Amino acid sequence: MTSFTRGALVRGLAVALATGFAMPTLAAEVAPAAFNNHCRTCHSVKEGDNRLGPSLHNIHGAKAGSSAGFAAYSQGMKSSGVVWDDATLDKFIENPDQVIPNNNMKPYKGIGDAAVRKQIVDFLRSSSKPADG
């Protein structure tokens, strides 16, 4: 391998690594198909963009029923005490009524496919900024 080829390879790897590290930042801007196909009709991750359901902006780590500017939470959601983390989001996306009875997610019944749920949870986590950030 010539030094030119090695140099090009090193530069290419540096660009690839830099792009890879930037991906979480871009995640909030580019929703995966799983979110778009199952959630986007009622939800957005843009701050203040409440639709039929509340904005999911910074949902990871937040208390259920606490999104500012959304008034249509069920009493069950507001009083649930649930804090959204990977496990609670996954369970709720799978079967909302089992996690928080009497929620307003009708007619949504849940997603049985664990891989699809994981994509949605990963997206919601990546589009939420840390509490100290």
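Structure's up top.
Undergrad: For this particular structure, what's the right way to read the overall build of the protein?
TA: Within the protein, the secondary structure is distributed over six helices and zero strands. Along its sequence from the N terminus, the protein presents helices and strands in the succession α-α-α-α-α-α. Counting all 133 residues of the protein, 27% fall into the buried class. In the protein, the proportion of contacts linking residues at least 24 apart, taken out of those at least 6 apart, comes to 38%. Roughly 8,400 Å² of accessible area belongs to the protein as shown, and the carbon and sulfur atoms make up 60% of that amount.

Undergrad: It is not clear to me how the layout of surface pockets should be interpreted in this structure. Could you clarify?
TA: One water molecule sets the probe size; rolling that probe over the atoms shows where empty space is left. By volume, the largest pocket amounts to about 590 Å³. What lines the largest pocket is a set of 31 residues, and nearest its centre among them are H43, G53, P54, F92 and M105. For the lining of the largest pocket, the elements supplying multiple residues, two or more each, are α4 (86-94) and α6 (114-126). With three residues, α4 is the single largest residue contributor to the lining of the largest pocket.

Undergrad: How do you make sense of the packing of aromatic side chains when you look at a structure like this?
TA: Two descriptors summarise a pair of aromatic rings, namely the distance from one centre to the other and the angle between the planes of the rings. Here the structure, examined in full by the defined rule, presents three aromatic pairs. When the ring of F70 is compared with that of Y73, the centres are 4.9 Å apart and the planes differ by 75°; the resulting orientation is edge-to-face. Taken as a pair, F70 and Y73 share a single burial class, namely buried. Relative to F92, the ring of W84 has its centre 5.0 Å away and its plane inclined at 65°; by these criteria the two rings are edge-to-face. Here the two residues W84 and F92 agree in accessibility, since each one is buried.

Cut-offs and rules
Residues numbered from 1 in each chain as written. Predicted model: local features only at pLDDT ≥ 70, side-chain atom pairs only at ≥ 80, totals over all residues. Heavy atoms only, no water. Helix = DSSP H or I, 4+ residues; strand = E, 2+ residues; numbered from the N terminus. Buried < 20%, exposed > 50% of the residue type's maximum accessible area, 1.4 Å probe, protein only. Contact = heavy atoms within 4.5 Å. Areas by Shrake-Rupley, 256 points an atom, 1.4 Å probe, with all protein chains shown as cover. 1 Å grid on protein atoms, 1.4 Å probe; cavity = no way out; pocket = protein on both sides within 12 Å on 5 of 7 lines; lining within 4 Å. Points joined across faces, edges and corners; volume = space filled by probe spheres on them. Phe/Tyr/Trp six-rings, centres within 6.5 Å; stacked < 30°, edge-to-face > 60°.

Interpretation in functional terms is not warranted from these geometric data alone.
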